[in-house]
2 protein chains.
Amino acid sequence: MRFEIKDRDGLARIGVLETRHGKVETPALLPVINPNKVSIEPKEMKKLFKIDILITNSYIIYKNKRLKEFALSKGVHKLLDFDGSIMTDSGTFQSYVYGDIDVDPIEIVEFQRDIGSDIGTILDLFTNPEESYDETKRKINETVRRARISSKVKGEMLLACPVQGGTYEDLRAACAKKMSEIECDVHPIGGVVPLMENQRYDDLAKVIISSKRYLPLSRVVHLFGAGHPLVFPLAVILGVDLVDSASYAKYARDDRLIFPWGTEKLEDLEEIPCNCPVCTSTDIKELKEMDKVEREKKIALHNLYICFSEMKRIKVAIKEGSLWELVEEKSSLNPMMFDALRVLEREDVKEWLEKFESISKKSALFYVNPHTLHRPIIYRYQKRLFSVYRPREKEVVLKEEVEKPYSKYYREEWGKSKIDIIEKTPFGPVPLPLDEMYPIAQSVFPKNIDEESKI
Amino acid sequence: MRFEIKDRDGLARIGVLETRHGKVETPALLPVINPNKVSIEPKEMKKLFKIDILITNSYIIYKNKRLKEFALSKGVHKLLDFDGSIMTDSGTFQSYVYGDIDVDPIEIVEFQRDIGSDIGTILDLFTNPEESYDETKRKINETVRRARISSKVKGEMLLACPVQGGTYEDLRAACAKKMSEIECDVHPIGGVVPLMENQRYDDLAKVIISSKRYLPLSRVVHLFGAGHPLVFPLAVILGVDLVDSASYAKYARDDRLIFPWGTEKLEDLEEIPCNCPVCTSTDIKELKEMDKVEREKKIALHNLYICFSEMKRIKVAIKEGSLWELVEEKSSLNPMMFDALRVLEREDVKEWLEKFESISKKSALFYVNPHTLHRPIIYRYQKRLFSVYRPREKEVVLKEEVEKPYSKYYREEWGKSKIDIIEKTPFGPVPLPLDEMYPIAQSVFPKNIDEESKI
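In this text, all values refer to a predicted model and were calculated from it rather than measured experimentally.

**Q** Explain the pattern of salt bridges to me, please; I cannot follow it from the model alone.
**A** When the charged atoms of two side chains lie near each other, side chains of opposite charge can form a pair. Across all of its chains, the model carries 76 salt bridges over all chains by this definition. Residue Lys297(B) pairs with Glu44(B) through a salt bridge whose shortest N-O separation is 3.1 Å. Taken together, the positions of Lys297(B) in helix H15 (residues 292–320) and Glu44(B) in helix H1 (residues 42–49) put the pair 253 residues apart, joining distant regions of the chain. Using a relative accessible area of 25% as the deciding quantity, one classes Glu44(B) as partly exposed. A salt bridge links Glu310(B) to Lys330(B); the nearest nitrogen and oxygen atoms lie 2.9 Å apart. Placement of Glu310(B) in helix H15 and of Lys330(B) in helix H16 (residues 323–331) is noted, with a sequence separation of 20 residues between them. Each member of the pair, Glu310(B) together with Lys330(B), is buried. Among the ionic contacts, a cluster of salt bridges with common partners joins Arg2(A), Glu4(A), Lys6(A) and Glu18(A).

Shown next, in the form of structure tokens:
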């Protein structure tokens, strides 16, 4: 597999993944196509959203005689009439929803290979967060065993081996470590839909962190079923490269519109605060009164417009080095997302994230909310302060914050005396020798930040 | 003047203002049309954005012989080829930018009346925030004097009498009180562009509050030069009904694109995270390379799409009672906007805002950031707690928060004993008799809120 990193902001990265059907720019959103019920044709999606990858379900194709025969003889690309990259899932999610499924775990991998899937997925065992530690452990062992065998039959197909483990961080870590040793390409993080459905974003963060942390950086990481764009920035800043979404269609079925700030029911709206081609060309009354099938398609298209533009915004943020601002901004939209940020404030997590921060960024650091001072770049400064700085004399002078950079302002005073000057700043004490370190001088704070944010 | 309130969320309101050229739904964004240099025709704006009102400058028309003669003989509506409502400004802003202007203050009001303006503005004196108290006082006295005379010559035209006063809260209040006694219809809040340009949003909040507070609720309030949509929610929650914006065109001239979260330079972008008809139909490379005039128009259109959809979002929020969430959300986009919220936390401001809160809202209260617990509805709860509640016995029992409403959970225990049960909640202590008061039971908080947010 060729996977090239073009740009980074911490663990978040813009990359190019090559499959037999072309290049895929990451982070990418893979729309889920149900081969039984295509509401928006992949071809149309390619035209409207320039998608270069999608995901479909090989188990559904396998179980349907007509689809199966077509796919085996002409390939999955012809079946979906799409010439970009196609990733296939294996039926694991169906086993979670409907109970046991009727397919051999190796046969379904071979089937994906034979229908020409670009990225096939092993039949992993879905670890429900409600399950016991022992049951979860048994499931990851079996999943790893299947991954080993699947790896040998994958042929030219790229192989996705999910990390499972429920919400047990040590089991996620153990599973990730074992998967790292297997020859494969993509690591979906699985078993998270129940967390997403219940907005347990703190557990979701723990699961992503304990999986990603033990996976090689050269592998592509996929979050299975990320759904709502609210979740995308958090996932990407924790190193996720691919997300898929069936929500655009599921929400549309219930007349629910996705927005960058959440979801609204069509019936509750009198006008649609959206500029997408669907919303600017369709009157809301017209939309409410039109035929259900037609409306469902229109809302699904609207939902896709929002999901894809949110992904574009994430890429812009990675390029300008402002993804943390975006993640914190999104936390203000959902209190449970705020709980997720609390997980990122854990000492061990900051320690890990800090390693991937670059020395400087294109844009200044902007204060967003109390999480801001827990960003890894600030954690780095604090570590540096205690490990590197030794005052020249026993006494130091503490000064109120003035204009930045402080050293420029105090240069004269500093030159005259041997006593160190230390600035009082939102980052904590800043001795003059450290004050041109990013982001001390390149930061924008409110005049009065809340008490807890002060270090 | 007919101005009917249709819906409210605190001081924010959805209203319908009637002029001789039809109905205007508020809060409304009035695009500024420069009669000398029309880049997007008002007719086109009406078609694309369904605008029912715009603002243009009568002084520019007055100073240009050709425009003046045309407007006097055929009217300003024919001049701009627009049959909706037209508000006119008077040259005050030009006097701020270019120094003294050459027009009689009463003549310019008569001129606006004679060209058929729907809402004309007196020639007020621009109070620059840098000016002294005495100079500012002199200016408001002269402005009030002019308003009195102008009121007598306005004829059928609705009259706008700005509130001036720099950043002196008592002068703003004094000016507002005097203006309230004059027969007129709209009160622009003037002299705020320098605050906006320097992102002094805390001073802006003070200025809006000290003006609005002393104006009759029946009058329409306009914020002159609000510009960027980031400012709209703050303005509207403080009772502003109209905002105007020339920024869409000014930013376009510098190749700057407005987004709901801020502004981006075209050259810094590799893709545009936007779904508007301009951005979905124009490739970014194409946009960067096209002729300057054509590009400027395209960016101006994009900017208008964003500004108008942000205004729609505000209306949706007013209708569902979630405007505070939106205001706080926007504060996370700009640290200076956070400073503005600090002004809204002042005891006297909360006391004032609380009066306009309804007893209950359609939607639950969502925690957004440390400002949340300073919302006026929560201030009301706290006042109620201290004024209404008396424990039945000297002792009370303090309980950890459980599921909501607490009274339902503890009903049995409560019935058995005479000792009051008091819940520990993010709102502070909640005695059982008060716990079904909005928003105690209808609220969504993170598991752990930051320390300062706790009361």
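We are not done yet, so read on.
**Q** Can you walk me through the sheet that holds strand E15 (residues 396–399) of chain A in this structure?
**A** The pairing of strands in a sheet happens through backbone hydrogen bonds and is either parallel or antiparallel. Residues and elements named next belong to chain A. A sheet is described by the order of its strands in space; here three strands give the open sequence E15-E16-E17, paired in mixed fashion. The open sheet terminates on both sides in strands that have one partner only, identified here as E15 and strand E17 (428–431). Along the sheet, successive strands turn relative to each other by an average axial angle of 30°, direction set aside. For strand E16 (residues 420–425) and E17, the ladder comprises four bridges, and the chain directions are antiparallel. Its bridge partner being in E17, Glu 423 is matched across the sheet by Val 430.

**Q** Help me out: how do you make sense of a positive patch on the surface in this one?
**A** Residues and elements named next belong to chain A. Among the surface-exposed residues, Lys 137, Arg 148, Lys 152 and Lys 178 lie close enough to one another that they form a single positively charged patch. In terms of residues, the positive patch owes the most to one element, helix H7 (residues 133–153), which gives three residues. Assignment of secondary structure puts Arg 148 in helix H7. Relative accessible area serves as the criterion here: at 43%, Arg 148 is assigned to the partly exposed category.

**Q** For this particular structure, what's the right way to read empty space enclosed by the protein?
**A** Any empty space left between the atoms is revealed when a probe the size of a water molecule rolls over them. One pass over the structure, following the stated rule, counts four cavities of 30 Å³ or more. If you add up the space inside the largest cavity, you get close to 420 Å³. In this structure, the largest cavity is lined by 28 residues; those nearest its centre are Pro260(A), Trp261(A), Pro260(B), Trp261(B) and Glu310(B). Of all the elements in the fold, those that place two or more residues in the lining of the largest cavity are helix H15 (292–320) and helix H16 (323–331) of chain A together with H15 and H16 of chain B. In the lining of the largest cavity, the residues fall into 16 nonpolar, four polar and eight charged.

**Q** Is there a simple way to explain the pairing of strand E1 (residues 2–9) of chain A in this structure?
**A** Looking along a regular strand, one sees side chains alternate from face to face of the sheet. All names here are of chain A. When E1 meets strand E2 (residues 12–19), the two strands line up antiparallel, connected through seven bridges. Bridge pairing in E2 links Glu 4 to Val 16. The antiparallel hairpin formed by E1 and E2 contains two residues in its connecting segment, where Gly 10 sits at a positive phi of about 65°.

About the criteria used
- Residues numbered from 1 in each chain as written.
- Chains lettered and ligands numbered in written order.
- Predicted model: local features only at pLDDT ≥ 70, side-chain atom pairs only at ≥ 80, totals over all residues.
- Heavy atoms only, no water.
- Salt bridge = Lys/Arg side-chain N within 4 Å of Asp/Glu carboxyl O.
- Helix = DSSP H or I, 4+ residues; strand = E, 2+ residues; numbered from the N terminus.
- Buried < 20%, exposed > 50% of the residue type's maximum accessible area, 1.4 Å probe, protein only.
- Pairing = 2+ DSSP bridges.
- Axes fitted to C-alpha atoms, helices over the stretch in contact; angles between N-to-C directions.
- Patch = residues over 30% accessible without salt bridge, like charges linked within 9 Å, V, L, I, M, F, W, Y side chains within 5 Å.
- Areas by Shrake-Rupley, 256 points an atom, 1.4 Å probe, with all protein chains shown as cover.
- Lys, Arg positive; Asp, Glu negative; His and termini not counted.
- Charge placed at Lys NZ, Arg CZ, Asp CG, Glu CD.
- 1 Å grid on protein atoms, 1.4 Å probe; cavity = no way out; pocket = protein on both sides within 12 Å on 5 of 7 lines; lining within 4 Å.
- Points joined across faces, edges and corners; volume = space filled by probe spheres on them.
- Nonpolar A, V, L, I, M, F, W, Y, C, P; charged D, E, K, R; others polar.

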